[in-house]
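A look at the structure
The residues making up each chain are set out below.
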Amino acid sequence: MPPIISPASFLALKTKKANLYKITVTTILCTIFYLIGFYQNSRGRVPVSASHASIFDCAEPVFNATLDFNPHHVLPDPPLKEARAYHLPPCDSELSEYTPCEDRNRSLKFDRDRLVYRERHCPEEKEVLKCRVPAPFGYRVPFRWPESREYGWFANVPHKELTVEKKNQNWVRYEGDRFRFPGGGTMFPRGADAYIDDIGKLINLSDGSIRTAIDTGCGVASFGAYLLSRNIITMSFAPRDTHEAQVQFALERGVPALIGVFASMRQPYPARAFDMAHCSRCLIPWDKDDQYLIEVDRMLRPGGYWVLSGPPINWENHWKGWDRTTEDLNEEQTKIETIAKSLCWKKLIQKGDIAIWQKPTNHIHCKANRKVYKEPLFCQAQQDPDMAWYTKMETCMTPLPEVSNLRDIAGGELANWPERLTAVPPRISSGSVKEITSEIFTENTNLWKKRVAHYKSVDYKLAEWGRFRNILDMNAYLGGFAAALVNDPAWVMNVVPVEAEINTLGVIYERGLIGTYQNWCEAMSTYPRTYDLIHADSVFSLYKDRCQMEDIVLEMDRVLRPEGSVIIRDDVDILLKVKSIVDVMQWDARIADHERSPHVREKILFAVKQYWTAPPSEQQESTIHL
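Residues numbered from 1 in each chain as written. Predicted model: local features only at pLDDT ≥ 70, side-chain atom pairs only at ≥ 80, totals over all residues. Heavy atoms only, no water.

With respect to the overall build of the protein chain
Within the protein chain one finds 19 helices and 17 strands. Counting every position in the protein chain, which comprises 626 residues, the buried fraction comes to 51%. Excluding contacts between residues fewer than 6 apart, the proportion of contacts in the protein chain whose partners are at least 24 apart in sequence is 69%. Accessible surface computed for the protein chain: about 30,500 Å², of which carbon and sulfur atoms make up 54%. (Helix = DSSP H or I, 4+ residues; strand = E, 2+ residues; numbered from the N terminus. Buried < 20%, exposed > 50% of the residue type's maximum accessible area, 1.4 Å probe, protein only. Contact = heavy atoms within 4.5 Å. Areas by Shrake-Rupley, 256 points an atom, 1.4 Å probe, with all protein chains shown as cover.)

This is the structure in structure tokens:
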């Protein structure tokens, strides 16, 4: 009689057999993989990276192979079908100040009426240069702020015209190898600081209620430069050719500025953007066309101020020096006063050479007095007041948001600076910006604090105090990147692309920041070598299939200073294509993982533009040899 096997003994026996089978199979597989590995290594196989390690790699290690645990972001082999060799050589030396959309030769083809020829006129696709704009020979890294407010290197902006033309007005002086900016202006011979003090005696510039300003016809932007010490940030602009290089001087000083002109188009800013608008002998004929002050009204916040100095203000004491008749100047001032009243502005005060008007906080009374002032009419509701990219100026007045009480501030009351930076903007709290809630705004603010901290941990230059002054954010969204840098000695030009799904530039201004609209298939209205740092979040994804990637990169190179830095966030496949372009452009670039995890497809490209300049001219060459 066979022995009786208990159920427990039967299961133990069965388990031993199963384990024996597993051991046998594992041994066979390991032997096979070992032989394969030995065979491949004997044929000169390249080292295995950790990212390709398999759970079946149980063979003994190949000791002459080096394991690499760093993230690898390289072009695939074979290369993508659309990949090609880029050839982006330096441009000719005479193009060192090339501004594609404000090119002098092209502008002469356009109408001179109302200065239309000085507006943006960009080259057609076939005219776009495929070369890198050089810095002039002898270019030097600009002085750091605040020293840059007073000094700039002559080699960087080699123009002496203003030192002669504005010699008596203390705009700029040439001293050896540098320019000095005394802070003077046509209407402030005692200097910009003293002039601002005079304005501060008339309206409050110190309580944080005035944070954003716009300076029309800014000269070398001394007004904006000295307002910065009072926590007021100014968008300064002037035409390309009125005086040689005035906006270029402003940017060299580390002061926000753009090339721009009052002509036929709206300025590239949203409605209700600025707390104060300023004109000091800015040469804009306010009395000749109502549209100019109508455009100022569109850009001013409810309760905002318009400050005017220079002709015709105080003409009774200056008419002889201005070489104009008293009748002519009196007529000009009367016309300005009439237009201001038709816009429902209140003239607060005129003292000395300064006159100040204030826009109403809402339009309840203004709508009622249309029976008195037949023009301008209010614009129709379907006209978007924030649309300002190649948008014609209106002959109608932009209506303020509706209010129910005469004491209400249209659009919502703003906090004073610095609380304004992190307070939920009224455009968001009122629900007027689609798909963006107060929670999204707060989360975005905190997100960018973490991201900027990560940038500084990766790029020591960004962490260096004062290393960067002029910063460009090519796709600013809610301005979180700029807000995270607010305590650094820097300012940020926040750009909202016109192709963005949501127009958020009004939100950025309500935070007390500045910015502009831009189509990145075109050049920016600025000079070469404008910015120390460029930040681009998902810009190339946004413009995929809209225009050529290399044109956007070349524009970044044009406005970036030698030894300036670039940070680009985007999908890894897009960044690989970007890197293939910048690798032939004298940029030092590397791709790093997302701050959250290497498994995130979004990566970050850090790059630095190498120092290089145009070769010396024959005259410079002979001077060098001497």
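From this point, things continue past the structure.
Focus: the sheet that holds strand S9 (residues 346-351)
Read across the sheet, seven strands follow the order S6-S5-S4-S7-S8-S10-S9 without closing on themselves; strand pairing throughout is mixed. Here the strands that pair on one side only, and so sit at the sheet edges, are strand S6 (257-259) and S9. On average, each strand axis in the sheet is inclined to that of its neighbour by 20°, with strand direction left out of account. By the bridge criterion, three bridges tie strand S5 (residues 233-238) to S6 in an arrangement that is parallel. In the sheet register, Ala238 faces S6, and the bridge partner there is Ile259. Of the strands in this sheet, strand S7 (274-280), strand S8 (300-309) and strand S10 (354-358) touch helix H4 (residues 192-200), which is tilted by about 45° from S10. Against the sheet, helix H7 (residues 290-299) contacts strand S4 (212-216), S7 and S8, and its axis sits at roughly 135° relative to S8. (Pairing = 2+ DSSP bridges. Axes fitted to C-alpha atoms, helices over the stretch in contact; angles between N-to-C directions.)

Digging into the pairing of S10
With four of five residues buried, S10 is to be regarded as a mostly interior element. Looking at chain direction, S8 and S10 are connected through five bridges and run antiparallel. Residue pairing for S10: Ser309 is matched across the bridge by Ile354.

Examining empty space enclosed by the protein
Enumeration over the complete set of coordinates arrives at six cavities of 30 Å³ or more. There is about 70 Å³ of room inside the largest cavity. Around the largest cavity sit Tyr139, Asn156, Gln248, Leu251, Glu252, Tyr527, Pro528, Arg529, Thr530 and Arg561, which together line it. Considering every element that reaches the lining of the largest cavity, the biggest residue donor is helix H6 (residues 246-252), with three residues. A class-by-class count of the residues in the lining of the largest cavity yields four nonpolar, three polar and three charged. The calculated volume of the second largest cavity comes to roughly 50 Å³. (1 Å grid on protein atoms, 1.4 Å probe; cavity = no way out; pocket = protein on both sides within 12 Å on 5 of 7 lines; lining within 4 Å. Points joined across faces, edges and corners; volume = space filled by probe spheres on them. Nonpolar A, V, L, I, M, F, W, Y, C, P; charged D, E, K, R; others polar.)

Comments concerning the packing of aromatic side chains
In the structure shown here, the tally under the stated rule is 22 aromatic pairs. Note on Phe262 and Trp286: the rings are 5.6 Å apart at their centroids and 70° apart in plane angle, and the pair reads as edge-to-face. With a gap of 24 residues between them, Phe262 in the loop between S6 and S7 and Trp286 in the loop between S7 and H7 connect regions that are remote in the sequence. A relative accessible area of 4% means that Phe262 is categorised as buried. Taken together, the ring pairs in this structure connect Phe237, Phe262, Trp286, Tyr292, Trp306, Trp345 and Trp357 into an aromatic cluster. For the cation-ring pair, Arg132 lies above Trp612, with the distance from its terminal atom to the ring centre recorded as 5.0 Å. Over the ring of Trp153 we find Arg140, and its NZ or CZ is 3.5 Å from the ring centre. (Phe/Tyr/Trp six-rings, centres within 6.5 Å; stacked < 30°, edge-to-face > 60°. Lys NZ or Arg CZ within 6 Å of the ring centre and 35° of its normal.)

Observations concerning the side chain of Asp473
Summarising the element assignment, Asp473 is placed in strand S11 (residues 470-473). The side chain of Asp473 is buried and forms no salt bridge, while Arg511, the nearest opposite charge, is found at 9.4 Å. Within the local environment of Asp473, its side chain forms a polar contact with the side chain of His535, the two groups lying 3.1 Å apart. Residues in contact with Asp473, not counting those within four places in the same chain, are Phe481, Val492, Met493, Asn494, Val495 and His535. (Lys, Arg positive; Asp, Glu negative; His and termini not counted. Salt bridge = Lys/Arg side-chain N within 4 Å of Asp/Glu carboxyl O. Polar contact = N/O pair within 3.5 Å; in protein donor to acceptor, adjacent residues only side chain to side chain.)

Considerations on the layout of surface pockets
Of the pockets and cavities examined, the second largest pocket occupies roughly 580 Å³. Around the second largest pocket, the lining comprises 39 residues; the ones closest to its centre are Gly217, Ser280, Arg281, Cys282 and Leu283. Contributing elements (two or more residues each) for the lining of the second largest pocket: S4, helix H5 (222-227), S5 and S7.

Section: the pattern of salt bridges
Scanning all chains against the criterion turns up 37 salt bridges. Here Asp557 makes a salt bridge to Lys609, at a shortest N to O gap of 3.9 Å. In this pair, Asp557 is assigned in helix H17 (residues 549-559) and Lys609 in strand S17 (residues 602-609), connecting sequence segments 52 residues apart. Pair check on accessibility: Asp557 and Lys609 agree, each one buried. The shortest N-O distance in the salt bridge between Arg601 and Asp573 comes to 2.9 Å. With Arg601 in the loop between strand S16 (587-592) and S17 and Asp573 in helix H18 (residues 572-582), this residue pair connects regions lying 28 residues apart in the sequence. Overlapping salt bridges bring together Arg451, Arg569, Glu595 and Glu602 as one network.

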